[in-house]
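# Notes for the structure review
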Amino acid sequence: MRSAPFTLLLSAFLFAVGCSDSGDGNGGEAGSGGATGGTGGGATTGASGTTTGTGDATTSTGTGDTTTSTGTGDATTSTGNATTGTGDATTGAGGGDGGSDGAGGGASARVPAASASTLREAGEKANPPILIGAAISGGGLGNNDYKRVAAAEHSYVTTENEMKWDSLEPSSGNFSWGSADNIVNWARQNNMKVKGHTLVWHNQLPGWMSSMTGKENVTNAMRRHITQVMGHFKDRIDTWDVVNEAVQTDSDTGVGNPRMRPSVFLNQIGSNYIDLAFQIAREQDPKAKLYYNDYSIDARNEKVEFVYNMVKGMVERGVPIDGVGFQMHIGPPNNEAGGADVAANMKRFTDLGLEVLISEMDINRCGGVVTADEQLAYYHDIVEACFKLPKCTAITFWGINDGRSWLNSWSGALCNGQSSQSLLFNDQYGKKETYNRVMNALLGR
Ligand code: XIL
């Protein structure tokens, strides 16, 4: 279906390392892709504003010099931690640097917890807090170890497949809520927040929808789907991936001829279907956080330039978008992205006044494209890049344990049923070194 270019096919070597057991064997045909990322400077968040920065000038209680503390940052988008603002004139100026670096209005870096025994706790004790998420599957919840680790280590849930169009509306106008409700109810029992994934997407669409013709028909079907789904979960879900993967490039790595992706929505409604989907979602829930989500936009490449301009246009037109999810599927068939790239890239989006989130992180080792050491460095540095940015509000991993990773059976991921070794827990639900690197990043180490 899609092939990724691999210049480093050391597969004979790394396959031997890689691969233990088979995964869930998921169907579907979501796409992702990715090669090596671009360059992008290692911008970090605002310099010395950090813990003592004076934060948002309009609300700051810090004693820093307000004039300098605002820097060139946009005070209205600041997430500066005003409550801890005790900066003197010197740190106030640091806050200003933060603004000019785009962290927002003198906003400084997030302050890590001094210690934590779970990822969830590290996220909850950070200031401001950050959600630590996982994709959860109905099948996984049949396993007690899976459930235990999922709830202990995470505060945020994305249903892996159960809220996709083909699950929720398998035939026109007939909604099937059971499997999604099960996960949402389990999450709530464990005090976990849920993100709805995903309202409008070209993949995992039922045939009746993907073959629909006529602008009015498709518009009406999209409106009904968004309205019904958000309405059903209204009291339980207030963050949504409204549109997923609307942009494509020749390579799944985010390189070559970036353009809007053909789909029943684009083909029948036109490119303003994206604005329309967000507007419908906003009408349904005035307070929900509404996100655009995509893959291989993690580093600086052609795809993310296109997405950046698309999202910037939406903001300028007043389309109700609150944030952008960077899927962060690293390794085949998707992009690679170093921590500095990710930091610089995310910062541009927060400069538009948006939240950013890591929405589907995993790092695939199959095919030897990403080495063991690279995987560890990526996990630490990418999580650190998000953590340091107060407007990066969540880090979600795409699964719990390696054996259930979607990549194990995903075409293009080079795993051929073997383990992608892509996650934080092994098949006995033990913590891997990848877990330790993530924890270090969350604790500012
Ligand atoms: C994947 C699931 O993990 C698989 O089980 C399924 O077969 C295909 O979809 N981008 C997304 C996710 O937005 O919904 C995809 O999830 C992975 C890529």
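Bear in mind that the values here come from a model prediction, so they are computed numbers and not experimental data.

Reading the values: the criteria
Residues numbered from 1 in each chain as written. Predicted model: local features only at pLDDT ≥ 70, side-chain atom pairs only at ≥ 80, totals over all residues. Heavy atoms only, no water. Helix = DSSP H or I, 4+ residues; strand = E, 2+ residues; numbered from the N terminus. Buried < 20%, exposed > 50% of the residue type's maximum accessible area, 1.4 Å probe, protein only. Contact = heavy atoms within 4.5 Å. Areas by Shrake-Rupley, 256 points an atom, 1.4 Å probe, with all protein chains shown as cover. Phe/Tyr/Trp six-rings, centres within 6.5 Å; stacked < 30°, edge-to-face > 60°. Lys NZ or Arg CZ within 6 Å of the ring centre and 35° of its normal. Pairing = 2+ DSSP bridges. Right-handed = clockwise from strand over helix to strand, strands pointing away. Expected span 1.5 Å × (residues − 1). Axes fitted to C-alpha atoms, helices over the stretch in contact; angles between N-to-C directions. Parallel < 35°, antiparallel > 145°, perpendicular 65-115°, else oblique. Left-handed = near helix turned anticlockwise from the far one by under 90°. pLDDT = per-residue confidence, 0-100. Polar contact = N/O pair within 3.5 Å; in protein donor to acceptor, adjacent residues only side chain to side chain. Salt bridge = Lys/Arg side-chain N within 4 Å of Asp/Glu carboxyl O. Disulfide = S-S within 2.5 Å.

### Thoughts on the overall build of the chain
A count of helical and extended segments in the chain gives 15 helices and 11 strands. Expressed as a percentage of its 445 residues, the buried residues of the chain come to 59%. Contacts in the chain between residues far apart in sequence, at least 24 positions, make up 80% of those at least 6 positions apart. Total accessible area computed for the chain in this model is approximately 15500 Å², and 48% of it derives from carbon and sulfur atoms.

### Examining the packing of aromatic side chains
Ring pairs (aromatic) are described by centroid distance and by the angle formed between their planes. Inspection of the entire model under this criterion finds 11 aromatic pairs. Seen in terms of ring centroids, tryptophan 165 and tryptophan 208 are 6.4 Å apart; in terms of plane orientation they differ by 65 degrees. Their pairing is edge-to-face. Placement of tryptophan 165 in helix H6 (residues 165–168) and of tryptophan 208 in helix H8 (residues 207–210) is noted, with a sequence separation of 43 residues between them. Considering the side-chain rings of tryptophan 406 and tryptophan 410, the 4.9 Å spacing of their centres and the 45 degrees angle between planes classify their relative orientation as tilted. The two residues tryptophan 406 and tryptophan 410 agree in class, both being buried. One aromatic cluster is present, built from ring pairs that chain together Trp165, Trp208, Phe265 and Tyr273. The side chain of lysine 303 reaches across the aromatic face of tyrosine 295, ending 3.4 Å from its centre. Its guanidinium or amino end placed over the ring of tyrosine 308, arginine 348 lies 4.5 Å from that ring's centre, counting from NZ or CZ.

### Examining the pairing of strand E1 (residues 131–136)
Within E1, five of the six residues are buried, leaving the element largely enclosed by the surrounding structure. As paired elements, E1 and strand E2 (residues 156–159) share four bridges and run parallel to each other. Residue pairing in the sheet places glycine 133 in a bridge with tyrosine 156 of E2. One crossover worth recording links E1 to the parallel E2 by way of helix H5 (residues 144–153), and it is right-handed.

### Description of helix H13 (residues 339–351)
The first and last C-alpha atoms of H13 sit 18 Å apart over 13 residues, in line with the 18 Å expected at 1.5 Å per residue. The buried fraction of H13 is high, at 11 of 13 residues. Buried within H13 are the following residues: Gly339, Asp341, Val342, Ala343, Ala344, Asn345, Met346, Lys347, Arg348, Phe349 and Thr350. Downstream of H13 by a residue or two, glycine 353 has a phi angle that is positive, lying close to 95 degrees.

### Considering the packing of helix H12 (residues 302–317) against H13
Each packed pair of helices is defined by two parameters, the angle between the axes and the distance between the axes. Contact pair H12 / H13: the axes reach a minimum separation of 10 Å and the direction vectors enclose 15 degrees. With respect to H13, the axis of H12 lies roughly parallel. Relative to H13, H12 is oriented so that their crossing is right-handed. Contact residues: H12 offers Val304, Glu305, Val307, Tyr308 and Val311, while H13 offers Asn345, Arg348 and Phe349.

### Comments concerning the packing of helix H11 (residues 273–284) against H12
The interhelical angle for the contact between H11 and H12, taken along N-to-C directions, is 50 degrees, at an axis separation of 11 Å. It follows from the interaxial angle that H11 and H12 lie oblique. Where H11 crosses over H12, the handedness of that crossing is right-handed. Along the contact surface, H11 presents Ile274, Asp275 and Phe278, while H12 presents Met310, Met314 and Arg317.

### A word on the confidence of the model for the chain
Mean pLDDT over the chain: 82, with 76% of residues reaching 70 or higher. Overall, residues 1–106 carries pLDDT values under 50, and its contacts beyond four positions in sequence, including any with other chains, amount to 241 contacts.

### Digging into the side chain of arginine 348
Among the secondary structure elements, arginine 348 is positioned in helix H13. The class of arginine 348 is buried, set by a relative accessible area of 13%. A polar atom in the side chain of arginine 348 sits 3.3 Å from the side chain of glutamate 305. The contacts of arginine 348, once residues within four sequence positions are left out, are Arg300, Val304, Glu305 and Tyr308.

### Side note on the pattern of salt bridges
Under the definition given, this model contains 19 salt bridges. Where arginine 236 meets aspartate 181, a salt bridge forms, and the shortest distance between an N and an O atom there is 3.0 Å. Taken together, the residues span a long stretch of sequence, with arginine 236 in the loop between helix H9 (215–232) and strand E4 (239–244) and aspartate 181 in helix H7 (residues 178–189) at a distance of 55 residues. According to the relative accessible area criterion, aspartate 181 is buried, its value standing at 16%. Ionic pairing is found between glutamate 283 and arginine 223, a salt bridge with its closest N-O pair at 3.6 Å. Of the two residues, glutamate 283 sits in helix H11 while arginine 223 sits in helix H9, which places them 60 residues apart along the sequence.

### Some points on the state of the cysteines
Going through the model one piece at a time under the given rule, you end up with two disulfides. For cysteine 366, the disulfide goes to cysteine 415, at an S-S distance of 2.1 Å. Disulfide cysteine 366 to cysteine 415: torsion about the S-S bond roughly 110 degrees, handedness right-handed. Here cysteine 415 lies in the loop between strand E11 (392–397) and helix H15 (433–442) and cysteine 366 lies in the loop between strand E10 (355–363) and helix H14 (372–387), a separation of 49 residues in the sequence. Its relative accessible area of 2% is what places cysteine 366 among the buried residues. Here cysteine 386 connects covalently by a disulfide to cysteine 392, the sulfurs 2.0 Å from one another. Judged by the sign of its S-S torsion, about -95 degrees, the cystine formed by cysteine 386 and cysteine 392 is left-handed. For the pair cysteine 386 and cysteine 392, one class covers both residues: buried. Cysteine pairing for the chain (bonded cysteines numbered in sequence order): 1-4, 2-3.

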